[in-house]
Amino acid sequence: MSDQTHVLFVEDDDVIREATQLTLERDGFAVTAMPDGLSGLEAFRADRPDIALLDVMVPGLDGVSLCRRIRDESTVPVIMLSARADSIDVVLGLEAGADDYVTKPFDAAVLVARIRAVLRRFGHAGGDRQDDPGAADAGGVLTFGALEVDTEGMEVRRAGQPVALTPTEMRLLLEFSTAPGTVLSRDRLLERVWDYGWGGDTRVVDVHVQRLRTKIGQDRIETVRGFGYKLKA
């Protein structure tokens, strides 16, 4: 599909699916829209989209399970759509490997902005941080006990073994590793990692920190109650 960003959109509501597809296409995206999780998984494997937009409640294979299947095969960015901001589905989706979520009903402009924000993050996660004025110029390999973070090669090792991180997890770790011992607030992490120029749901941060801990060591990132998190130097 030429140079267009390819979006896989899985949504079982015909009206929402068709209206959202038209909106995204008007904004320059190429869209593959599927009505259920199984067809969505087939489309993902066949087309390898640039980003996946998944509704939580779809038939056949629900959005959370579909996210897990995608994450088993790829680090492609995933945004979940949830009908309730306070739903446990939000946390389940993030724990399954989603990078962000949008609450339904959503404003089309907000959805497009969130998609673009995720795509920008993933471009930066590939090492394109030099255009980010707030990013520390660490360079080389940073070592924290058994943890090694290569800020140029975008590689992480724990006790000499490679650690597979999603681009969002890598950006989060870079924020911590360039300021070891410094408490980083959830709001700062939302702004720096998720590119939120407005208030966001801090559950996104909390779930990603927990996912990161399982990969680099539970005791490596410390919770500072009432303030945020810090990487133990």
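What comes next concerns the included structure. All of these numbers come straight from a predicted model, not from anything done at the bench.

Basis of the calculations
- Residues numbered from 1 in each chain as written.
- Predicted model: local features only at pLDDT ≥ 70, side-chain atom pairs only at ≥ 80, totals over all residues.
- Heavy atoms only, no water.
- Buried < 20%, exposed > 50% of the residue type's maximum accessible area, 1.4 Å probe, protein only.
- Helix = DSSP H or I, 4+ residues; strand = E, 2+ residues; numbered from the N terminus.
- Arc of directions from axis to C-beta.
- Contact = heavy atoms within 4.5 Å.
- Salt bridge = Lys/Arg side-chain N within 4 Å of Asp/Glu carboxyl O.

Once that is clear, we can look at helix 4 (residues 88–95). In an α-helix, one full turn covers 3.6 residues, which means residues spaced three or four apart are oriented alike. Residues of helix 4 that are buried: V90, V91, G93 and L94. Projected onto a plane normal to the axis of helix 4, the buried residues spread over an arc of 160° and lie on a single side. Along its buried surface, helix 4 packs onto helix 3 (63–73), strand 4 (78–82), strand 5 (100–103) and helix 8 (203–216). A positive backbone phi angle near 120° is found at G97, which sits one or two residues after helix 4.

Right, let's talk about the pattern of salt bridges for a bit. The final tally for this structure, using the stated rule, is 12 salt bridges. A salt bridge links D14 to R17, with the shortest nitrogen-to-oxygen separation between them at 2.7 Å. Taken together, the residues span about one helical turn, with D14 and R17 both in helix 1 (residues 14–26) at a distance of three residues. For D14, a relative accessible area of 44% gives the class partly exposed. Here K215 makes a salt bridge to E169, at a shortest N to O gap of 2.8 Å. Residue K215 is located in helix 8, and its partner E169 is located in helix 6 (residues 167–177); the two are separated by 46 residues in the primary sequence.

The analysis is restricted to geometry; functional conclusions fall outside its scope.
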